[in-house]
Amino acid sequence: MIIDILTLFPKMFEGIINSSIIKRAIEKQVITINIHDFRQYSEKKNWQVDDYSYGGGAGMIIGVQPIVDCLRSIPNFSEAKKIITTPCGLPYSQEKAISYANEKHLIIVCGHYEGIDNRITHYIDEEVSIGDFILTGGEIAALAIVDSVVRLIPQVLGNEESIEVESFDNDLLEFPQYTRPVDFEGHVVPEVLLSGNHENIRQWRRFKSLENTFKNRPDLLAKAKLTKEDKKFLEMIEKNEDFKVNN
Ligand code: ADE
């Protein structure tokens, strides 16, 4: 997969490209990431990219020319999926990450706190927001998108299973997990996990997954596919009851 990123702050991407899983994916040639400083495409004096807003107002607006010229410099840009990060965009989600991971070529234009001339929307496919909060620029949003997409590409994560069972699959949050020691400052690992009884462990994990979702993201429960067992567990959770092993 090829990912091209258009930004005024190329240095912000050095960390992610040179670290851990993303770095390995680049080295294995599973992905290529190209960072473009679109200021270099400005036709104005001193590579200026912003200008006054038509209609008035205090802020400056980034013009379309440098971004569009930068886009056009990317080989096969017209076939790529082109997105722009902005708090005004469609909500980003795991579902979107999966759909972007299936693209051969993704181009991300980083939005900017000054705002971008709205005509940029004629040159991209989608405006995307990573949440209901305002960042100083679209770079951190672009980083979040790159990270969540790249990890879904086959061969990027060593262990395929870690993708299969994770939060947001089946629209539920993940169950809690523990490692050694069994007792840390009096906080002990739930006994059922030490029992070796796989059916009890499965039930406990499902119960905790439902409980986490009920407490932190009840909105997700409305679209989750729930079994008879899930509904029984949810009734217990609503009554504040804890999981009980079925003997
Ligand atoms: N730029 C500023 N805030 C943003 C957000 N929440 N999502 C995407 N891009 C942004």
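Coordinates for the structure precede this section.
From a predicted model like this one, the values you see are computed outputs, not experimental measurements.

Q: Can you walk me through helix α3 (residues 64-72) in this structure?
A: Each full turn of the α-helix corresponds to 3.6 residues, which orients residues three or four apart in the same direction. Buried within α3 we find V64, P66, I67, V68, C70 and L71. Buried positions along α3 lie against β1 (2-7), β2 (32-37), β4 (60-62), β5 (81-91) and β6 (105-110).

Q: Looking at this structure, how should I read unusual backbone geometry?
A: Glycine aside, the phi torsion of most residues is negative, and most peptide linkages are trans. Of note, the amide linkage connecting R180 to P181 takes the cis form, showing an omega dihedral of 5°. Looking at the element boundaries, P181 is found in the loop between α6 (161-164) and β8 (183-184). Positive phi, normally seen in glycine, also occurs at Q155, with a value near 80°. Note on placement: Q155 falls in the loop between α5 (139-150) and α6. Judged by relative accessible area, Q155 falls into the exposed class, the value being 53%. Its identity as a non-glycine residue notwithstanding, N240 has a phi of 65°, on the positive side.

Q: Teacher, can you tell me more about the site of the ligand here?
A: Around the ligand, 13 residues are found, and the nearest of them are T86, I130, G131, F133 and L135. Within the backbone of I130, one N or O atom sits 3.0 Å away from a nitrogen atom of the ligand. In this structure, L135 approaches the ligand through a main-chain N or O atom, which is 3.0 Å from a nitrogen atom. Its free accessible area being 260 Å², the ligand has 97% of it covered by the protein chains. Looking at the shell around the ligand, the elements with two or more residues in it are β5 and β7 (126-129). Among the elements that make up the shell around the ligand, the one with the highest residue count is β5 (three residues). Residue classes in the shell around the ligand are distributed as seven nonpolar, six polar and no charged.

Parameters and conventions
- Every chain begins its residue count from 1, and numbering advances along the sequence as written.
- In keeping with the model being predicted, local features are shown solely for residues with a pLDDT of at least 70 and side-chain atom pairs are shown and tallied solely at 80 or more, while totals for entire chains, interfaces and linings include all residues.
- Hydrogen atoms and water are omitted, and side-chain values are computed over all heavy atoms in the structure.
- Under the scheme applied here, a residue whose accessible area is under 20% of the maximum for its type counts as buried, over 50% as exposed, and between as partly exposed, the area being computed with a 1.4 Å probe on protein chains only.
- Each helix is a run of H or I in the DSSP string that is no shorter than four residues. Each strand is a run of E no shorter than two, and both are numbered from the N terminus.
- Residue contacts are counted whenever heavy atoms from the two residues lie within 4.5 Å of one another.
- The nearness test applies per residue and asks whether one of its heavy atoms lies within 4 Å of the molecule or strand.
- Under the rule applied, a polar contact is a pair of N or O atoms within 3.5 Å (in protein, one hydrogen donor and one hydrogen acceptor; residues adjacent in sequence only if both atoms are side-chain atoms).
- Methods summary: accessible areas were calculated by the Shrake-Rupley approach with a probe of 1.4 Å, and residue burial reflects only the protein chains presented.
- As a working rule, the residues Ala, Val, Leu, Ile, Met, Phe, Trp, Tyr, Cys and Pro are called nonpolar, Asp, Glu, Lys and Arg charged, and the rest polar, with Gly in that last group.

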